[in-house]
Amino acid sequence: MKLKSLLFGSAAVLAAGTGAQAADLPVAEPVEFVRICDAFGVGFYYIPGTDTCLRISGRVRVEAHYVDSWDGGDDDDDDDDDDDDVDEDLRELNNFTTRARGNLRLDARTQTDLGLVRTFFEYQLTVGPGNFSDPPGSANYDSASADLVHAYIQISNDMGTFTAGHTSSFYDFWGSNGFGTRVGIDDNTTEQTLFAYTFGGGNGFSATLSLEDPASSGRRLEPGSGIDTYEGQEWPDLVGNIRVDQGWGSAQIMGVLHHIHDKDGFIDLCDGGPDPLDLCEGDDDDDKLGWSVGAGASVGFGMFGIDAQVGYADGALGYITSDPGGAGDFDVDEDGDSETNEAWMVRAGLRAEFTPTLSAYLDGSFTDVDSGIDALDYNFWGATATLVWEPVDGLIMGPEIAYNSLDYDGGDDDEDDDDFDEGDLDFWKVMFRIQRDF
């Protein structure tokens with residue numbers, strides 16, 4: 001009896017001790033695992049503790065190029081007095097160059113009472129040379145350049161979509177399908193800071209009105225003659241488009257009104273300098289209204305597809321061309337008054353998907369610019385042929401060949417006019433690119 005009491009007593013003591021120790025242990029917080037968000041496609045997940053879906057993606061691109069002049073502006077040319085200035089510039093080219101680029105993208109989306117709120121961000125770092133229109137004489141390009149490609153907010157609901165931030169201009173439709181590094185077609189599509197509203201009309205139709213800042217994208221093109229300049233920006237550009245997206249493809253018509261703020265007869269050299277042409281006397285605003293209209297279409301049929309865009313501009317050249325000849329939006333006539341420059345452009349591309357992993361692209365463009373100064377009139381041809389192999393999803397590689405011809409009218413056909421002889425600049429290029437999107 002005593003033994004039985006002893007055993008029961010010991011068990012009670014042990015139970016009490018165990019209960020006391022359990023009470024002293026810390027209570028583990030519940031673990032919140034990252035949840036997949038499948039409402040917006042692959043790669044999205046919920047940010048823990050929120051209703052926001054986030055996708056992190058990016059790109060790494062590496063390429064090598066060889067660029068040279070069709071007319072032989074190379075190091076083997078004689079340095080005689082008959083060589084023109086263009087040939088001298090061509091000798092300064094880095095024929096062989098490379099480019100390495102990394103992109104980081106963040107895409108956050110939340111369903112709210114106001115509608116779908118989307119925030120998109122893309123940042124880009126590049127080590128490599130500029131494209132055709134950049135100065136050719138840099139010996140080294142070893143420092144990284146940073147670029148905020150996209151940073152915008154969108155609110156979408158049954159009424160339409162409001163977009164605010166830095167993103168693709170609503171004037172642009174199609175630029176090019178090829179790689180286009182250093183030598184490519186006249187692809188001027190770009191991103192600008194804007195405030196836009198898109199009205200959805202149903203059946204794939206939409207219309208957009210957008211207030212856009214051309215200074216945020218370099219679309220205020222300074223006069224190529226250097227005897228007049230833009231003054232400070234006073235108004236945003238007004239961009240509008242009507243677009244349709246359906247099973248056969250897409251199409252768009254668009255237009256822009258562009259304010260040119262200029263001072264009559266104003267030139268940088270006026271401050272205390274000589275004024276033989278009396279161009280420094282004007283104090284009144286000589287403002288102009290530049291404009292541009294365009295249209296584009298993208299159609300697919302079987303293994304093939306065609307993309308195209310055309311445009312005409314008067315005083316708003318930056319919306320249809322990258323202006324490789326440097327004419328600018330306006331120039332000055334013999335009276336010192338500003339006159340807008342005009343241009344028209346057509347570009348198109350043919351794409352072919354031979355197999356799920358092998359595609360080819362052929363792009364071409366033609367641009368004609370009519371400047372207030374005859375010597376700055378020019379036309380520009382561009383063509384690229386690209387072969388792309390995608391052995392695994394997200395990894396592409398392939399070669400490209402390209403040709404550019406920039407022909408100045410020169411005002412006359414005098415053979416002694418070395419600076420602006422017809423066919424001044426002719427470039428060809430071969431390159432190889434490998435790129436991984438993740």
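Keep in mind the model is a prediction, meaning the values are calculated, not measured. (Residues numbered from 1 in each chain as written. Predicted model: local features only at pLDDT ≥ 70, side-chain atom pairs only at ≥ 80, totals over all residues. Heavy atoms only, no water.)

To continue, consider the overall build of the chain. A tally of helices and strands in the chain yields 2 helices and 19 strands. When the 438 residues of the chain are sorted by exposure, 41% land in the buried category. Restricting to contacts in the chain with at least 6 residues of sequence separation, those with at least 24 account for 65%. Total accessible area computed for the chain in this model is approximately 23300 Å², and 58% of it derives from carbon and sulfur atoms. (Helix = DSSP H or I, 4+ residues; strand = E, 2+ residues; numbered from the N terminus. Buried < 20%, exposed > 50% of the residue type's maximum accessible area, 1.4 Å probe, protein only. Contact = heavy atoms within 4.5 Å. Areas by Shrake-Rupley, 256 points an atom, 1.4 Å probe, with all protein chains shown as cover.)

With respect to the helices and strands, the residue Arg220 is situated in the loop between strand S8 (205-213) and strand S9 (237-246). Among the polar contacts made by the side chain of Arg220, one reaches the main-chain carbonyl oxygen of Glu231 at a distance of 2.7 Å. Contact partners of Arg220, with chain neighbours within four places excluded, come to Pro214, Ala215, Tyr230, Glu231, Gly232, Gln233, His258 and Asp329. (Polar contact = N/O pair within 3.5 Å; in protein donor to acceptor, adjacent residues only side chain to side chain.)

A cluster of nonpolar side chains, contributed by Phe162, Phe195, Phe199, Leu209, Leu211, Leu238, Leu257, Leu289, Trp291 and Val293, occupies part of the molecular surface with about 920 Å² of accessible area. Sorting the residues of the nonpolar patch by element identifies strand S7 (191-202), S8 and strand S11 (288-301) as the ones contributing at least two each. Within the element layout of this structure, Leu289 appears in strand S11. (Patch = residues over 30% accessible without salt bridge, like charges linked within 9 Å, V, L, I, M, F, W, Y side chains within 5 Å. Salt bridge = Lys/Arg side-chain N within 4 Å of Asp/Glu carboxyl O.)

Next up on the list: the state of the cysteines. Under the definition given, this model contains 1 disulfide. In this model Cys37 forms its disulfide with Cys53; the gap between the sulfur atoms is 2.1 Å. On the sign convention where negative means left-handed, the S-S torsion of about 80 degrees between Cys37 and Cys53 marks this disulfide as right-handed. Of this pair, Cys37 sits in the loop between helix H1 (2-24) and strand S1 (45-46) while Cys53 sits in strand S2 (residues 53-69); the two residues are 16 residues apart in sequence, bridging distant segments of the chain. (Disulfide = S-S within 2.5 Å.)

Moving on, we come to the pattern of salt bridges. If you walk through the whole model with that rule in mind, you get 10 salt bridges. Here Arg219 ties to Asp172 by a salt bridge, and the two come within 2.9 Å at their closest N and O atoms. Here Asp172 lies in the loop between strand S6 (160-168) and S7 and Arg219 lies in the loop between S8 and S9, a separation of 47 residues in the sequence. This pair shows no difference in class: Arg219 is buried, exactly as Asp172 is. Between Glu400 and Lys429 there is a salt bridge, and its shortest N-O distance comes to 2.6 Å.

Here we take up the pairing of S6. Burial analysis of S6 places 7 of its 9 residues in the buried class, the great majority of the element. Examined bridge by bridge, strand S5 (residues 145-157) and S6 share 7 bridges and lie antiparallel to one another. Paired with Ile155 across the two strands is Phe162, which belongs to S6. Hairpin connection, S5 to S6: the antiparallel pair is bridged by 2 residues. Pairing geometry for S6 and S7, over 8 bridges, is antiparallel. (Pairing = 2+ DSSP bridges.)

Another point: the nonpolar core. In this structure, Tyr171 and Tyr378 are the most contacted members of the largest nonpolar core, which totals 30 residues. Contributing elements (two or more residues each) for this core: S7, strand S10 (249-260), strand S15 (342-355), strand S17 (378-392), strand S18 (395-408) and strand S19 (425-437). The leading source of residues in this core is S18, at 3 residues. Aside from chain neighbours lying at most four places away, what touches Tyr171 is Glu212, Val239, Gln252, Met254, Gly255, Val256, Ser292, Val293, Gly294, Gln309, Tyr319 and Ile320. Within the second largest apolar cluster, 5 residues are counted, among which are Phe40, Phe44, Cys53 and Leu116. (Core = buried A, V, L, I, M, F, W, Y, C linked by side-chain atoms within 4.5 Å.)

Further remarks concern the environment of Leu257. Its location among the elements puts Leu257 in strand S10. Owing to a relative accessible area of 41%, Leu257 belongs among the partly exposed residues under this scheme. Spatially, the C-alpha atom of Leu257 lies 9.9 Å from that of Asp314, the residues being 57 residues apart in sequence. Apart from the residues within four sequence positions on either side, Leu257 is in contact with Asp237, Leu238, Leu289, Gly290 and Trp291.

To describe a pair of aromatic rings, one takes the distance between the centres and the angle between the planes. If you walk through the whole model with that rule in mind, you get 12 aromatic pairs. Where Tyr230 meets Phe330, the ring centres are 5.1 Å apart and the plane angle is 85 degrees; that geometry is what we call edge-to-face. One end of the pair, Tyr230, is in the loop between S8 and S9; the other, Phe330, is in strand S13 (residues 330-332), and 100 residues separate them in sequence. Taken as a pair, Tyr230 and Phe330 share a single burial class, namely buried. Cluster of aromatic residues (ring-pair linked, three or more members): Trp344, Phe366 and Trp381. Taking NZ or CZ as reference, Arg35 lies 4.3 Å from the ring centre of Tyr46, over its face. The ring of Tyr319 carries the charged tip of Arg219 above its face, separated from the ring centre by 4.5 Å. (Phe/Tyr/Trp six-rings, centres within 6.5 Å; stacked < 30°, edge-to-face > 60°. Lys NZ or Arg CZ within 6 Å of the ring centre and 35° of its normal.)

Here we come to unusual backbone geometry. Not every positive phi belongs to a glycine, and Arg182 is a case in point at roughly 70 degrees. Residue position: Arg182 is located in the loop between S6 and S7. Here Arg182 falls in the buried class, since its relative accessible area comes to 8%. At Asn203, a position not held by glycine, the phi torsion is positive, near 55 degrees. Note that Asn203 resides in the loop between S7 and S8. On the accessibility criterion, Asn203 (68% relative accessible area) is exposed.

With that settled, consider the confidence of the model for the chain. Of the residues in the chain, 76% reach a pLDDT of 70 or more, and the chain-wide mean stands at 84. In this model, residues 72-88 is a region of pLDDT below 50 whose contacts with residues beyond four sequence positions or in other chains number 19 contacts. Under a pLDDT of 50 for its full length, residues 411-421 has, in the predicted model, 19 contacts with residues more than four places off or in other chains. (pLDDT = per-residue confidence, 0-100.)

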